[in-house]
Amino acid sequence: MDKPSLQRDSFGSRFGVIAAAAGSAIGLGNIWKFPYITGVYGGAAFIVVYLICIALIGFPLMLSEFLVGRKSQKNAIGAFKKLAPGTPWYLTGWIGMAAAFVVLSFYGVVAGWCMEYIVKAAANAFAGQSPGQIGGMFGAFISSAAKPVLWQIAFMGLTAWIVVAGIKDGIEKYSKVLMPLLLVLIIILDIRAITLPGAEKGLAFLFKPDWSKITGEAILAALGHAFFSLSLGMGTMITYGSYIHKKENLGETAVQVTLADTFIALLAGVAIFPAVFAFGIEPGAGPSLVFITLPNVFQHMPYGHIFGVLFFILLAVAALTSSISILEVVVAYFVEDLKMSRKKATLIAALIITVIGVFCSLSNGPLAEAKILGLTFMDLLMWLSDNLLLPLGGLFITLFVGWYMKKSSVAEELRSEGVKAGYFEPFIFLTKFVAPILIALVFLKGIGLL
Ligand code: PFF
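Structure report, in brief. (Residues numbered from 1 in each chain as written. Predicted model: local features only at pLDDT ≥ 70, side-chain atom pairs only at ≥ 80, totals over all residues. Heavy atoms only, no water.)

### Overview of the nonpolar core
Here is step 1 of the chain: The biggest cluster of nonpolar side chains holds 160 residues, and the ones touching the most others in it are Phe291, Phe311 and Leu414.
Here is step 2 of the chain: Broken down by element, this core gets its largest block of residues, 21 residues, from helix 15 (residues 304–336).
Here is step 3 of the chain: When residues no more than four places from it in sequence are discounted, the contact partners of Phe291 are Trp32, Val110, Trp113, Cys114, Tyr117, Ile134, Phe138 and Phe312. (Core = buried A, V, L, I, M, F, W, Y, C linked by side-chain atoms within 4.5 Å. Buried < 20%, exposed > 50% of the residue type's maximum accessible area, 1.4 Å probe, protein only. Helix = DSSP H or I, 4+ residues; strand = E, 2+ residues; numbered from the N terminus. Contact = heavy atoms within 4.5 Å.)

Here's what the structure looks like:
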């Protein structure tokens, strides 16, 4: 018998658990992606659909991941080997592992862009530039060979430096500082945005639904984004769940993390859209919204470059607490199942991911013509994670908890150490039926079969 709970590192406090798990969930997905897809799909009605997806899929899947991790006290692959020995369920963990490599490869690149933009904003580089010139600046930067790669390497180095220190002394310690910092930054930016003349239009865009804008495509985009934003389908929450103490109420933790993630996404919308409308800029600009539209907005504001610096620091901080959770998925597996030291595991994992990331970065410039299935390498990785790996990983996790695990065994874990789990029956219903069906729909649509 192994004695995992004696040997394993774990989170030291309840706040630490929330900070780390919310830190994983809150990332570029909230501040970069959520506002731009909300812009593309027309605003408030999209947000309502997104909130429904969060409740019906996000919550049960997050709780399922926590539960699998804590029950098994193992990493994303080891967890299935332990709870379902001799079955192919461990392949679910492999899907997660593949997703971790894929997502962090492009995530590190975009996070590197944020770091460059902190410097650009601090140097007041957008002052006096036309929107076209600011767009050109972004295009020239991401398509250059060396600079984005250097920033990506720096960002991955920072990620590895935190992960190598472990759970309590690394991930938890930094999340506990960085998450409150993120909250303060976003509140400052929100106050600035809602006090701009004409801010009401942006707020109406965010909060007054126009149902005619809701299409099937918008619903599926909302569903896909719920996965990405809550860090689900990859085993991140399985891995973090394995470090949560048995006395914690997992259902409550899952609710708190889900709410925190949603709240920050909405606050990011409030920081961005009033400014976009106040300066008469197109809200549906797509992925370039924060790198082109916002610098335009900032340069028209009094002291705008200071708000620009704060905004890009916010993005980089959010990205960092997410990237450490992704790297930890791989490191936990290397340490526990491949018996590497934490240092060696972190180095090897970060190195492989950084090298894949370099190709991602180059695919925006020197390698832009080298298309695979009609996509650049970076677009391909984004497509793979959004449409294939995360939904498939998530689908198998809900099926595992809803159908493979015994109900009594699920109940025993959720009610460990006398914890009350009044949500148990609705959770089982969502996990058995609602979530898998909805996830299957995203998956079929994602791969073009629907
Ligand atoms: N949730 C993160 C974000 O919103 O930026 C990204 C992410 C982290 C996705 C971890 C998936 C994951 F497993």
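### Focus on helix 8 (residues 146–164)
Here is step 1 of the chain: Here helix 8 contains 19 residues, and its C-alpha end-to-end distance of 27 Å stays within 8% of the 27 Å for a straight helix at 1.5 Å per residue.
Here is step 2 of the chain: Turning to helix 8, its buried residues are Pro148, Val149, Gln152, Phe155, Met156, Thr159, Ala160, Ile162 and Val163. One side of helix 8 carries all its buried residues, which in axial view fall inside an arc of 160°. Among the exposed residues of helix 8, those pointing more than 90 degrees away from its buried face are Leu150 and Trp161.
Here is step 3 of the chain: Turning to helix 8, the residues buried within the fold contact helix 6 (90–122), helix 7 (131–143), helix 9 (167–194), helix 15 and helix 16 (342–362).
Here is step 4 of the chain: A positive phi of about 100° marks Gly166, the residue just after helix 8. (Expected span 1.5 Å × (residues − 1). Arc of directions from axis to C-beta.)

### Comments concerning the site of the ligand
Here is step 1 of the chain: Lining the immediate surroundings of the ligand are 14 residues, of which Gly29, Tyr107, Phe228, Met234 and Thr236 lie closest.
Here is step 2 of the chain: One of the backbone nitrogen or oxygen atoms of Gly29 is found 2.7 Å away from an oxygen atom of the ligand.
Here is step 3 of the chain: Between the ligand and Asn30, the relevant distance is 3.4 Å, taken from an oxygen atom to a side-chain nitrogen or oxygen of the residue.
Here is step 4 of the chain: Burial of the ligand by the protein chains amounts to 100% of its free accessible area of 340 Å².
Here is step 5 of the chain: For the shell around the ligand, the element with the most residues is helix 3 (residues 28–40), which contributes three residues. (Near = heavy atom within 4 Å. Polar contact = N/O pair within 3.5 Å; in protein donor to acceptor, adjacent residues only side chain to side chain. Areas by Shrake-Rupley, 256 points an atom, 1.4 Å probe, with all protein chains shown as cover.)

### With respect to the side chain of Thr431
Here is step 1 of the chain: Mapping Thr431 onto the fold places it in helix 19 (residues 424–446).
Here is step 2 of the chain: Within polar-contact distance, the side chain of Thr431 engages the backbone oxygen of Phe427 at 2.7 Å.
Here is step 3 of the chain: Setting aside chain neighbours within four positions, we find Thr431 in contact with Pro60, Ser64, Thr398, Val401, Gly402 and Pro436.

### Observations regarding the pattern of salt bridges
Once their charged atoms are close, side chains differing in charge can pair, the charge on each being opposite to the other.
Here is step 1 of the chain: With the rule as written, the count across this model stands at twelve salt bridges.
Here is step 2 of the chain: A salt bridge links Asp210 to Lys213, with the nearest nitrogen and oxygen atoms 3.7 Å apart.
Here is step 3 of the chain: A salt bridge links Glu425 to Lys407; the shortest N-O distance between them is 3.3 Å. Pair noted here: Glu425 is in helix 19 and Lys407 is in helix 18 (residues 407–414), with a separation of 18 residues, a long-range link. (Salt bridge = Lys/Arg side-chain N within 4 Å of Asp/Glu carboxyl O.)

### Quick word on helix 18
Each α-helix turn comprises 3.6 residues. Residues three or four places apart therefore point the same way.
Here is step 1 of the chain: For helix 18, the full list of buried residues reads Ser409, Val410, Ala411, Glu413 and Leu414.
Here is step 2 of the chain: Buried-residue contacts for helix 18 involve helix 4 (44–72), helix 13 (250–278), helix 17 (377–404) and helix 19.

### A few points about unusual backbone geometry
Here is step 1 of the chain: One non-glycine residue, Gln73, lies in positive phi territory at about 55°.
Here is step 2 of the chain: As for its position among the elements, Gln73 is in the loop between helix 4 and helix 5 (76–83).

### Digging into a nonpolar patch on the surface
Here is step 1 of the chain: There is a patch of nonpolar side chains on the surface, built from Trp383, Trp403, Phe429, Phe433, Ile437, Leu441, Leu444, Ile447, Leu449 and Leu450 and spanning about 980 Å² of accessible area.
Here is step 2 of the chain: Of all the secondary-structure elements, those providing two or more residues to the nonpolar patch are helix 17 and helix 19.
Here is step 3 of the chain: Looking at the nonpolar patch, the element that brings in the most residues is helix 19, giving five residues.
Here is step 4 of the chain: Summarising the element assignment, Leu444 is placed in helix 19.
Here is step 5 of the chain: Here Leu444 falls in the partly exposed class, since its relative accessible area comes to 31%. (Patch = residues over 30% accessible without salt bridge, like charges linked within 9 Å, V, L, I, M, F, W, Y side chains within 5 Å.)

### Some points on the side chain of Thr236
Here is step 1 of the chain: By the element assignment, Thr236 lies in helix 12 (residues 236–241).
Here is step 2 of the chain: Residue classification places Thr236 among the buried residues on the basis of a relative accessible area of 1%.
Here is step 3 of the chain: What Thr236 contacts, discounting residues up to four positions off in sequence, is Ser24, Glu65, Ser231, Ser325 and Val329.

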